[in-house]
Amino acid sequence: MRLKKVMRAVGKVLTITGTILTLILLFGATVLYFSIQWMFDTWSNLSMDELVYHLSTSLDGTSTDMIMEYLGVCVAPAAVLFLTGMFVFWGLRGKKRYYIVMAAGIVVSVTASYSNVKAAWNELDAGNYVKSQGVDSTFVEDYYVSPADVALTFPEEKRNLIYIFLESMETTFADKENGGAFAENVIPELTRIAQENEDFSGSGMELNGGYSLVGTTWTMGAMFGQTAGIPLSVAIDRNTMDTQETFFSGAVTLGDILQQAGYSQTLMIGSDATFGGRRLYFTEHGNYDIADYIYAAKQEWIPEGYRVWWGYEDQRLFEFAKKRLLEIAEEGDPFNFTMLTVDTHFEDGYVCEICPDTYEGDQYANVMACSSVQLADFLDWIKKQDFYENTTVVICGDHPTMDKDFCADVDSEYERKTYTAYINSSVECKNEQRRTYATFDHLPTTLAAMGVKIEGDRLGLGTNLFSGRPTLTEEIGLEDEQEELRKRS
């Protein structure tokens, strides 16, 4: 009798445990399925190095809109299935089919999870990524030039720098006649700016930009690549970026160089700078004053509780930038004012109140066009200021867009590049040929545009594009350079 009671008790415990396990597996499999679908729908060009980096960093500063979208698209269906499963098991209690359904739920969950992970693994080409991480390369060791080991000679009167990162801006968005990939140019003002200034297209009028190589295809990777001259790569077994107190402390960056030269430095962005490690990087490398969304709220630049998109829109960003530039110009020290736009972020961008419906419902085209107009207006304002005469302006797309469908019809043979324009440079290009370059090349090129003489014309993995020296991309070839950068260094 006692044995039967024990057996019934054990059976009850196993049933409850099995039920809970089944429901958890069903919930997890559903979240996993929708998460993978959402991930690829949201990030059309997601790479393993980007995924590993973001899994290694804190989620602080992530757009609340994106979080809510994820909860709605991925978690909500799983929660509904979880509750449905509870009702099903409640209705089947005491019946033999209970255990059949339980077993089927476990098998389906495990099988579906395996299939989804395998499909994502293949889509991300994770196998080759892991394989590459297991292969040592001396590429960076052989070609990296540390700014600490190179003579950098600033002009007697140091030039100011305004560096504008344009979110997701590509040369692709121009029309074919001007080197883009579309029938109609959605960035005519930016096209004109590049053509009237320097984008290293040689004597031709077709836009020329930089290749976004391994480790530079997302915002923080792009900002790091352009200012440090190396890819932002985190090894799979070093996933502690969210707890680190340093951000690649051994790197010598644009911020480090200008800080040592006596520059005051500011980073202005309309989102929370904590996201992706930006606050840590720019604080450690150059001691930048961080004027982000959090700062704007504390300074009451924006109404209490105001938040759109990732923080506040570019319309406000450009107005705040004007105010800050006038303030720091009055201080008398040479300055580096760096800013990052955000309205053109995927998916489809943010339509502010001054964006017209120029392209009849094509939201991303409208946002790109609006960004082009706002940037041109901002540049016109800069040119009217007293400080402009001694100021170099650099405008660069951070990385190719991750929007899932805007470039879906672009010819696969078309080479997508980030937008580039150097304005009011203190030097002229010695090479009249169209250059082939990567965003790493912006580090030495920016300094050269400011009148800094660079011993050897190379810093990081970048080459001064104003010089006649070939870039690593020209010297080695794009495919070979990419292959080496994927390996462990």
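This section reports on the structure supplied with the text. (Residues numbered from 1 in each chain as written. Predicted model: local features only at pLDDT ≥ 70, side-chain atom pairs only at ≥ 80, totals over all residues. Heavy atoms only, no water.)

Right, let's talk about the sheet that holds strand S2 (residues 160–166) for a bit. Spatially, 6 strands are ordered S4-S3-S5-S2-S6-S7 in an open sheet, and the strand pairing comes out mixed. The open sheet has two edge strands with one neighbour each: strand S4 (289–291) and strand S7 (420–423). Averaged over all neighbouring strand pairs, the angle between strand axes comes to 10 degrees, with direction disregarded. As paired strands, strand S3 (residues 264–269) and S4 are joined by 3 bridges and run parallel to one another. Within S4, the position partnered with Leu267 by the bridge is Ile290. (Pairing = 2+ DSSP bridges. Helix = DSSP H or I, 4+ residues; strand = E, 2+ residues; numbered from the N terminus. Axes fitted to C-alpha atoms, helices over the stretch in contact; angles between N-to-C directions.)

Next up on the list: the state of the cysteines. Inspection of every chain in the model, using the stated rule, returns 1 disulfide. Here Cys355 pairs with Cys370 through a disulfide, and the sulfurs are 2.3 Å apart. The disulfide joining Cys355 to Cys370 has a torsion of about -90 degrees about its S-S bond and is therefore left-handed. Residue Cys355 is found in the loop between strand S5 (335–340) and helix H13 (363–383), and its partner Cys370 is found in helix H13; the two are separated by 15 residues along the sequence. Per residue, the accessibility class of Cys355 equals that of Cys370, and both read buried. With no disulfide partner, Cys352 has as its closest neighbouring cysteine sulfur the one in Cys355, 3.4 Å distant. By relative accessible area, which is 4% here, Cys352 ends up buried. (Disulfide = S-S within 2.5 Å. Buried < 20%, exposed > 50% of the residue type's maximum accessible area, 1.4 Å probe, protein only.)

With that settled, consider the pairing of S2. Judged by how many residues are buried, S2 sits mostly within the fold: 7 of 7 residues are covered. Burial along S2 is two-sided: the face carrying Asn160, Ile162, Ile164 and Leu166 and the face carrying Leu161, Tyr163 and Phe165 are both buried. Both S2 and strand S6 (residues 391–397) contribute to a ladder of 7 bridges, which runs parallel. Residue pairing across strands places Leu166 opposite Gly397, the latter belonging to S6. Where S2 lies against S5, 5 bridges are found, and the strand directions are parallel. By the bridge assignment for S5, Phe165 is matched with Leu340.

Here we take up helix H16 (residues 478–486). Those residues of H16 lying buried are Glu481, Gln482 and Leu485. Projected onto a plane normal to the axis of H16, the buried residues spread over an arc of 100 degrees and lie on a single side. Where the residues of H16 are buried, they touch helix H6 (139–143) and helix H15 (472–476). (Arc of directions from axis to C-beta. Contact = heavy atoms within 4.5 Å.)

A few words on a nonpolar patch on the surface. On the surface, a cluster of nonpolar side chains totalling about 280 Å² of accessible area is made up of Ile16, Ile20 and Ile24. Tracing the sequence through the fold places Ile24 in helix H1 (residues 2–42). (Patch = residues over 30% accessible without salt bridge, like charges linked within 9 Å, V, L, I, M, F, W, Y side chains within 5 Å. Areas by Shrake-Rupley, 256 points an atom, 1.4 Å probe, with all protein chains shown as cover. Salt bridge = Lys/Arg side-chain N within 4 Å of Asp/Glu carboxyl O.)

Here Asp314 is to be found in helix H12 (residues 314–331). Buried charge without a salt bridge: Asp314, with Arg278 as the nearest opposite-charge side chain at an N-O distance of 10 Å. A distance of 3.0 Å separates the side chain of Asp314 from the backbone nitrogen of Asp343, its partner in a polar contact. Leave out the neighbours within four places in its chain, and Asp314 touches Thr341, Val342, Asp343 and Gln374. (Lys, Arg positive; Asp, Glu negative; His and termini not counted. Polar contact = N/O pair within 3.5 Å; in protein donor to acceptor, adjacent residues only side chain to side chain.)

This part is about the pattern of salt bridges. Considering all chains together, one arrives at 10 salt bridges under this definition. Taking the shortest distance from any N to any O, the salt bridge between Arg192 and Glu196 comes out at 3.5 Å. Here Glu196 and Arg192 lie together in helix H7 (residues 188–196), a separation of 4 residues that amounts to about one turn. Between Lys487 and Glu484 there is a salt bridge whose closest N-O contact spans 3.2 Å. For Glu484, a relative accessible area of 25% puts it in the partly exposed group.

Here we take up the packing of H12 against H13. Put simply, H12 and H13 touch, their axes get as near as 11 Å, and they point 15 degrees apart. Regarding the angle of H12 to H13, the classification is roughly parallel. As H12 runs across H13, the sense of the crossing is right-handed. Contacts from Asp314, Gln315, Phe318, Ala321, Lys322, Leu325 and Leu326 in H12 reach Gln374, Leu375, Phe378 and Trp381 in H13. Here the contact of H12 with H13 is built from residues that sort into 7 nonpolar, 2 polar and 2 charged. (Parallel < 35°, antiparallel > 145°, perpendicular 65-115°, else oblique. Left-handed = near helix turned anticlockwise from the far one by under 90°. Nonpolar A, V, L, I, M, F, W, Y, C, P; charged D, E, K, R; others polar.)

On the surface, a cluster of negative charge is contributed by Asp357, Glu360, Asp362 and Asp405. Structurally, Glu360 can be placed in the loop between S5 and H13. (Charge placed at Lys NZ, Arg CZ, Asp CG, Glu CD.)

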